[in-house]
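# Overview (structure and organization)
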Amino acid sequence: KKTYQRSTGSSGINAEYGGSYVNWIFICFLSCLVVLFADSIREMYVYTGKDKQVDVAGASTPAAQEHILMRLFRAQRNFYITGISLFLLIVLRTMLTRVSRVARLEANYEAMQKQAVSAGSMNKKLLDENSALKKMTEGKEDMVEEVKKMEELKDQVKAAEKKAATSKADAEAMRKQSENLTMEYDRLLIEHQKLQDLITPSDKKDD
């Protein structure tokens, strides 16, 4: 974009200098033609005006008459040539101005079209990037949700492990208590048996 702007700026400067140069040339040609046209009108007025300075009929000799007619013909010829040249120069200048204006408008249209195309492509690129970012954020949200679920599962597993450990400790305590009770029961049985053994001989002696 920067290079394009620089190139258009330099071309605009060159076109400006070229246009001013063409304008000066046109003014010079126009001035020359106007001077020649005015001179031809003056010559014609000298020989054909109401207060004409030279009268063809009043010439003394045929050579003088031919010379006057030649001067008149030359003035009329210059009048027509310069008049037509002025007309054609003005027409040519108008055509060149319109052609240059059309070319400038076409260049501006092409530049605007290129800018519109670049803006459209940039907009499309931004939309694609936005959609990609949305997809990435959606994926991240899903990952965050999965991580939260995994954390919850870990907490549940830890709680279950704690419960299992507590249950295991309770079972171990109950087992130890049961073993203690069994040992105590066996001891009591042994003592009971001993007491029975002690009591039974005494009963036999009494008999």
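### A look at the overall build of the protein
Regarding its fold elements, the protein presents 2 helices and 0 strands. The buried share of the protein, taken over its 207 residues, is 8%. Expressed as a percentage of contacts within the protein between residues at least 6 apart in sequence, the contacts between residues at least 24 apart total 69%. Accessible surface computed for the protein: about 17,800 Å², of which carbon and sulfur atoms make up 63%.

### Remarks on the pattern of salt bridges
Per the counting criterion, the structure on display carries 7 salt bridges. Across the salt bridge formed by Arg42 and Asp39, the nearest N and O atoms sit 3.1 Å from each other. Of this pair, Arg42 and Asp39 both sit in helix α1 (residues 2-48), 3 residues apart, which is roughly one turn of the helix. The class of Arg42 is partly exposed, set by a relative accessible area of 45%. When its relative accessible area of 34% is taken as the criterion, Asp39 is described as partly exposed. Taken together, the shared-partner salt bridges in this structure form one network comprising Asp39, Arg42, Glu43 and Arg71.

### Describing the packing of aromatic side chains
Applying the stated criterion across every chain, the model contains 2 aromatic pairs. Arranged with centres 5.5 Å apart and planes meeting at 70°, the rings of Phe79 and Tyr80 form a pair that is edge-to-face. Judged by its relative accessible area of 24%, Phe79 falls in the partly exposed class. Clustering of aromatic rings is evident, with ring pairs tying together Phe37, Phe79 and Tyr80. In this structure, Arg93 packs its charged tip against the face of Phe26, placed 5.1 Å from the ring centre.

### Overview of the side chain of Thr82
Here Thr82 shows up in helix α2 (residues 62-206). A distance of 3.1 Å separates a polar side-chain atom of Thr82 from the backbone oxygen of Phe79. When sequence neighbours within four positions are dropped, the list of residues in contact with Thr82 reads Leu33, Leu36, Phe37 and Ser40.

### Quick notes on the state of the cysteines
Per the counting criterion, the structure on display carries 0 disulfides. Its sulfur unpaired, Cys28 is 6.7 Å from the next cysteine sulfur, which belongs to Cys32. On the accessibility criterion, Cys28 (45% relative accessible area) is partly exposed.

### Details of the side chain of Ser40
Counting through the fold element by element, Ser40 comes out in helix α1. Not counting residues within four places of it along the chain, the set of residues in contact with Ser40 comprises Ala75, Asn78, Phe79 and Thr82.

### Focus: the confidence of the model for the protein
For the protein, mean pLDDT is 77; residues scoring 70 or higher make up 78% of the total. Confidence over residues 1-13 falls short of pLDDT 50; this stretch has 2 contacts with residues more than four positions distant or in other chains.

What counts, and where the lines are drawn
- Residues numbered from 1 in each chain as written.
- Predicted model: local features only at pLDDT ≥ 70, side-chain atom pairs only at ≥ 80, totals over all residues.
- Heavy atoms only, no water.
- Helix = DSSP H or I, 4+ residues; strand = E, 2+ residues; numbered from the N terminus.
- Buried < 20%, exposed > 50% of the residue type's maximum accessible area, 1.4 Å probe, protein only.
- Contact = heavy atoms within 4.5 Å.
- Areas by Shrake-Rupley, 256 points an atom, 1.4 Å probe, with all protein chains shown as cover.
- Salt bridge = Lys/Arg side-chain N within 4 Å of Asp/Glu carboxyl O.
- Phe/Tyr/Trp six-rings, centres within 6.5 Å; stacked < 30°, edge-to-face > 60°.
- Lys NZ or Arg CZ within 6 Å of the ring centre and 35° of its normal.
- Polar contact = N/O pair within 3.5 Å; in protein donor to acceptor, adjacent residues only side chain to side chain.
- Disulfide = S-S within 2.5 Å.
- pLDDT = per-residue confidence, 0-100.

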